[in-house]
Structures are given as C-alpha cells and as structure tokens.
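If you want the building blocks of each chain, they are given just below.
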Amino acid sequence: MEPNFWHDKWHQQLIGFHQASVNALLLTHWQQLEIKPQGQVFVPLCGKSLDMCYLAELGHNVLGCELNLSAVEQFYAENQLTVTCEPIGEHQFFDCEQVQIWQGDIFTLAPKITQDISGFYDRAALIAWPESLRQAYVKQLAKLIPQGCRGLLVTLDYPQETLQGPPFAVSPTWVETHLSEYFDITLLACRDVLDDNPRFIKKDVPWLNESAYLLKRK
Ligand SMILES: C[S@@+](CC[C@H](N)C(=O)[O-])C[C@H]1O[C@@H](n2cnc3c(N)ncnc32)[C@H](O)[C@@H]1O
C-alpha cells in the first residue's frame, strides 16, 4: 500500500489490525524457534504491537521498524516507556531499554542495522502488502535477515475475492513459492479463526485460516 494509506489509518485511528493482547500463536510457538533470550529480535512493520513487549519481557532486545510516527509515539507512551529519539539518515531512531524502533520506510533500512539479530517476528506485515508489492517486501526482508536466523511468520488466508485487503490473503502455496528461495519453511499451525473476526463474517467470507510458520534464513 502507499504510505499515505497507512498514515491515514493511523491518523483516523482505524487500526483494526492492532491487538489488545499478545498474539496467541506467538505465545504458543515462539519457544520452538530456540532463540537465545538475550538475542535481538527484529519486528518489521511493528505498529504499536504489544507483542514487542512480550518479546522484551522474555529478555530479547527488540528492534522494530514502523512507517508512521504517531504509531511509534503511541507505543512508547501507552507502555509508559521513556524514550530518546534522533534522526539518522531518513529514519528516526527511537531508543529505550530493550525496545528500539526505526521509524521510517522498511525499504530504505540498511542491512547493517539488522546484522546482529538472532530472530524475527512477522505478524500482519507480509499480509499487509498487496500481491504487487509483496514480492518486493520478501526480497527486502531477505536482505535484512542474516543467514541462519529464525523467525515466526503469522499469515491469514481466505478467498481474496470476498474481501478487499489489507489484510491480504497469503496461502501456504504462495509462501512456499515466494519464500523458499530465501528460507527453509516449516508450517507450525493452521486454524480457522473466522469466528473471532466479525469484519470477515459481515462480508460473508466463508473461511479464514491463520497460520504460523517457522522460517530459517538460508
Ligand atoms: C497491518 S499493520 C501491522 C502492525 C503490527 N505488525 C501488528 O501486528 O499490529 C502494518 C503496519 O505497517 C506499517 N507500514 C506500512 N508500510 C510500511 C513501510 N514501508 N515501512 C515500515 N512500516 C510500514 C503501517 O504503518 C502499519 O502500522
């Protein structure tokens, strides 16, 4: 999506993607990745996700990237975290103990920023892109993730013609086709979550699968 699409959503606080509690698949599957507690974890397109607080509580140093300034400010304010901010290149770097966020475009984030990460977590990031931009995002993610690094990917899949994204439908076949060049992929879980998603029920979407994948950078 164009940057203004997301800036408008944050401006109007139309942020249905934001979860009021930690993602259930993160809670269930993160330990399977066996990432050392002190390891740095990258969260692309992080929004103001509470999942970052959960990862920080596990001991990880969390490194987010988020386009929208207000989202970043809300994250630190709502979690009562004292933060400093400095412009670095075309990004703004928000620094506080255990959660740092690069505010700006993920496509211009330099790989040296993420060179020391031990893990990554993509929830509602891959599925935020329409098909036309998704492959470019995968390429950029692959540039930012060092070899051997493991991550948890959470996707949604549904009949795309029944609803206009985001979130966009990303099938297991799409994941296999477009990510296997860069990552070893293991499907950890797949379940129908239609009952928990009134927006999809209202649009008569017949099914909605949420999946969790373990990715390991080749
Ligand atoms: C669907 S939301 C998901 C947020 C978060 N992962 C969560 O689970 O709540 C997608 C987020 O990506 C951000 N975003 C969109 N394009 C971006 C870009 N080019 N670089 C960095 N962040 C971007 C948006 O502002 C939005 O907060």
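The name UniProt gives the protein chain is Thiopurine S-methyltransferase, with Shewanella denitrificans as the organism. Reading the Subcellular location entry of the UniProt record for the protein chain gives the comment "Cytoplasm". Regarding the protein chain, the relevant UniProt record gives this comment under Sequence similarities: "Belongs to the class I-like SAM-binding methyltransferase superfamily. TPMT family."

Asks: Explain helix α4 (residues 69-78) to me, please; I cannot follow it from the model alone.
Replies: An α-helical segment advances 3.6 residues per turn. Residues three or four places apart therefore align on the same side. All buried positions along α4 are accounted for by Ala71, Val72, Gln74, Phe75 and Tyr76. Lining the buried residues of α4 we find α1 (3-11), α3 (51-57), β2 (61-66), β4 (91-95) and β5 (99-103). Regarding α4, its N-cap is Asn68, as a side-chain oxygen of that residue lies 3.0 Å from the backbone nitrogen of Ser70 further along. Count one or two residues on from α4 and you reach Gln80, which has phi positive near 50°.

Asks: Sorry if this is basic, but what is going on with the state of the cysteines here?
Replies: Following the criterion strictly, the structure yields 0 disulfides and no others. Summary of cysteine pairing: Cys53 is not part of a disulfide, and the nearest cysteine sulfur, belonging to Cys96, is at 9.0 Å. Classification of Cys53 as buried rests on a relative accessible area of 17%. Cys149 forms no disulfide, and the closest cysteine sulfur to it belongs to Cys65, at a distance of 16 Å. The buried category is assigned to Cys149, whose relative accessible area is 4%.

Asks: I keep staring at the UniProt feature "binding site: S-adenosyl-L-methionine" in the protein chain and nothing clicks. Help me out?
Replies: Under the feature "binding site: S-adenosyl-L-methionine", the UniProt entry names Trp10, Leu45, Glu66 and Arg123. In this fold, Trp10 is placed in helix α1. Discounting residues that sit within four places of it in the chain, Arg123 has contacts with Phe17, Gln19, Asn23, Asp51 and Val154. One polar contact links the side chain of Arg123 to the main-chain carbonyl oxygen of Phe17, over a distance of 2.8 Å.

Thresholds applied
- Residues numbered from 1 in each chain as written.
- Predicted model: local features only at pLDDT ≥ 70, side-chain atom pairs only at ≥ 80, totals over all residues.
- Heavy atoms only, no water.
- UniProt positions renumbered as here; feature names shortened; annotations may be inferred.
- Buried < 20%, exposed > 50% of the residue type's maximum accessible area, 1.4 Å probe, protein only.
- Helix = DSSP H or I, 4+ residues; strand = E, 2+ residues; numbered from the N terminus.
- Contact = heavy atoms within 4.5 Å.
- Polar contact = N/O pair within 3.5 Å; in protein donor to acceptor, adjacent residues only side chain to side chain.
- Disulfide = S-S within 2.5 Å.

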